[in-house]
Amino acid sequence: MMKNAIGLLGGTFDPIHVGHLRPAIAMLEQLGLSEVRLIPNYIPPHKATPDSDANHRLNMAKLAAAATPGLVVDARELNRNRPSYTLDTLKELRGEHPTRALCFIMGMDSLCSLDKWHGWQELLNYAHLVVGHRPGWQPQFNTTLHDFIQRHLTDDASLLSSKTQGHIYLFNNPQLDISSSQIRHCLQAGNNPQYLLPEGVLNYIRDKGLYQLHVL
């Protein structure tokens, strides 16, 4: 596959961990993406306010990306100082890359609630949706979402590069049962989250005393 497509992975990244990074690496390699951009959210519309401020979350994402070829950090949502709407980001990126394919990466849980997103029916005007899918799991969609997905679903990965936007692709990605909240609770309890997140990120958390870190 031609390396024409840019992967986009948004998230709070509070903190970033291998559950974010392993699927990103798998998609980068198996879909032939030119890069995957990690896009930290400023204020995620569907989540609680992050525990760590934007600067810490950005620095942790940069540390993770620096250790992983093909991953880069895009800080645009942190520079807006307003809720982070995916549609706004995709519009900006489409303007910057009018001839390149954009692949917005999300989990199946996000696809199941896509109709609650701001301007959700416009997302495919600017990008493909690449959905991390657990094999054997049958998601439940309402009628509106089901019809929307069926209109745009493809199992041809080559379209993610040959077309600039418009498709939904289910990717059988590695499923790691790791969450940022799990890591925060681990740290708050004074336990060691080693190997759940990159070593550089853990060292940063220790150095800055994030998440009420106790001495390990």
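Everything here concerns the structure above.
What you are looking at is a predicted structure, and each value in this text was computed from that prediction instead of being measured. (Residues numbered from 1 in each chain as written. Predicted model: local features only at pLDDT ≥ 70, side-chain atom pairs only at ≥ 80, totals over all residues. Heavy atoms only, no water.)

K.L.:
Break down the overall build of the protein for me, with residues and values.
P.N.:
A count of helical and extended segments in the protein gives 8 helices and 7 strands. Here the C-alpha atoms of the protein give a radius of gyration of 17 Å, agreeing with the 17 Å that 2.2 N^0.38 yields for 216 residues. If you line up the protein on its principal axes, its C-alpha atoms span 55 × 35 × 35 Å. Expressed as a percentage of its 216 residues, the buried residues of the protein come to 49%. The long-range fraction of contacts in the protein, counting pairs at least 24 apart against all pairs at least 6 apart in sequence, stands at 75%. Total accessible area computed for the protein in this model is approximately 10,500 Å², and 47% of it derives from carbon and sulfur atoms. Side-chain charges in the protein split into 19 positive and 19 negative, and the spacing between the mean points of these groups amounts to 2 Å. (Helix = DSSP H or I, 4+ residues; strand = E, 2+ residues; numbered from the N terminus. Rg over C-alpha atoms; globule rule 2.2 N^0.38 Å. Buried < 20%, exposed > 50% of the residue type's maximum accessible area, 1.4 Å probe, protein only. Contact = heavy atoms within 4.5 Å. Areas by Shrake-Rupley, 256 points an atom, 1.4 Å probe, with all protein chains shown as cover. Lys, Arg positive; Asp, Glu negative; His and termini not counted. Charge placed at Lys NZ, Arg CZ, Asp CG, Glu CD.)

K.L.:
Break down the pattern of salt bridges for me, with residues and values.
P.N.:
The final tally for this structure, using the stated rule, is 8 salt bridges. As a salt-bridge pair, Arg 76 and Asp 74 come within 3.0 Å of each other at their nearest N and O atoms. Across this residue pair, the class does not change: Arg 76 and Asp 74 are buried. A salt bridge links Glu 92 to Arg 80; the shortest N-O distance between them is 3.5 Å. On the criterion of sequence distance, the pair formed by Glu 92 in helix 3 (residues 86-96) and Arg 80 in the loop between strand 3 (71-73) and helix 3 is long-range, its members being 12 residues apart. Sharing partners across several salt bridges, the network here consists of Glu 35, Arg 37, Asp 74, Arg 76, Arg 80, Glu 92 and Glu 96. (Salt bridge = Lys/Arg side-chain N within 4 Å of Asp/Glu carboxyl O.)

K.L.:
Could you give an account of the nonpolar core, with specific residues and numbers?
P.N.:
Most often, soluble globular proteins keep nonpolar side chains buried together rather than apart. Within the largest apolar cluster, 36 residues are counted, with the highest numbers of intra-cluster contacts made by Ile 16, Leu 31, Leu 33, Val 36, Met 60, Val 130 and Ile 205. Looking at this core, the elements that each hand over two or more residues are helix 1 (18-30), strand 2 (35-40), helix 2 (54-66), strand 4 (102-107), strand 7 (168-171), helix 7 (180-188) and helix 8 (199-208). Element by element, the count of residues in this core is highest for helix 1, at 5 residues. With residues up to four places along the chain from it excluded, the contact list for Met 60 reads Phe 13, Pro 15, Ile 16, Val 201, Tyr 204, Ile 205, Leu 210 and Tyr 211. In this structure, Leu 8, Leu 93, Leu 129 and Phe 148 belong to the second largest nonpolar core, which totals 24 residues. (Core = buried A, V, L, I, M, F, W, Y, C linked by side-chain atoms within 4.5 Å.)

K.L.:
So what about helix 2? Which residues, and what values?
P.N.:
Taking 1.5 Å as the rise per residue, helix 2 with 13 residues should run 18 Å; its terminal C-alpha atoms sit 18 Å apart, in good agreement. All of the buried residues in helix 2 are His 56, Arg 57, Leu 58, Met 60, Ala 61, Ala 64 and Ala 65. In the core, the buried residues of helix 2 are packed alongside helix 1, strand 2, strand 3 and helix 8. Where helix 2 starts, the residue carrying a side-chain oxygen 3.1 Å from the main-chain nitrogen of Asn 55 turns out to be Asp 53. (Expected span 1.5 Å × (residues − 1). Polar contact = N/O pair within 3.5 Å; in protein donor to acceptor, adjacent residues only side chain to side chain.)

K.L.:
Give a description of the environment of Pro 50 that names residues and reports values.
P.N.:
One can find Pro 50 in the loop between strand 2 and helix 2. The buried category is assigned to Pro 50, whose relative accessible area is 14%. Spatially, the C-alpha atom of Pro 50 lies 9.4 Å from that of Pro 15, the residues being 35 residues apart in sequence.

K.L.:
I'd like a description of the environment of Tyr 204, backed by residues and values.
P.N.:
By secondary structure assignment, the location of Tyr 204 is in helix 8. C-alpha of Tyr 204 to C-alpha of Leu 63: the two residues are 141 residues apart in sequence and 8.6 Å apart in space. Setting aside its immediate chain neighbours within four residues, Tyr 204 contacts Asn 55, His 56, Asn 59, Met 60, Leu 63 and Leu 210.

K.L.:
Run through the sheet that holds strand 6 (residues 153-154), naming residues and quoting values.
P.N.:
If you trace the 7 strands from one edge of the open sheet to the other, you get 3-2-1-4-5-7-6, paired in parallel fashion. Edge strands, defined here as strands with exactly one partner in the open sheet, are strand 3 and strand 6. Two elements, strand 6 and strand 7, share 2 bridges in a ladder whose sense is parallel. Bridge pairing in strand 7 places Thr 154 opposite Tyr 169. Helix-sheet contacts for helix 1 involve strand 1 (6-11), strand 2, strand 3, strand 4, strand 5 (128-132) and strand 7, and the interaxial angle to strand 2 is about 150 degrees. Its contacts with the sheet place helix 2 against strand 2 and strand 3, and it is angled at close to 160 degrees to strand 3. (Pairing = 2+ DSSP bridges. Axes fitted to C-alpha atoms, helices over the stretch in contact; angles between N-to-C directions.)

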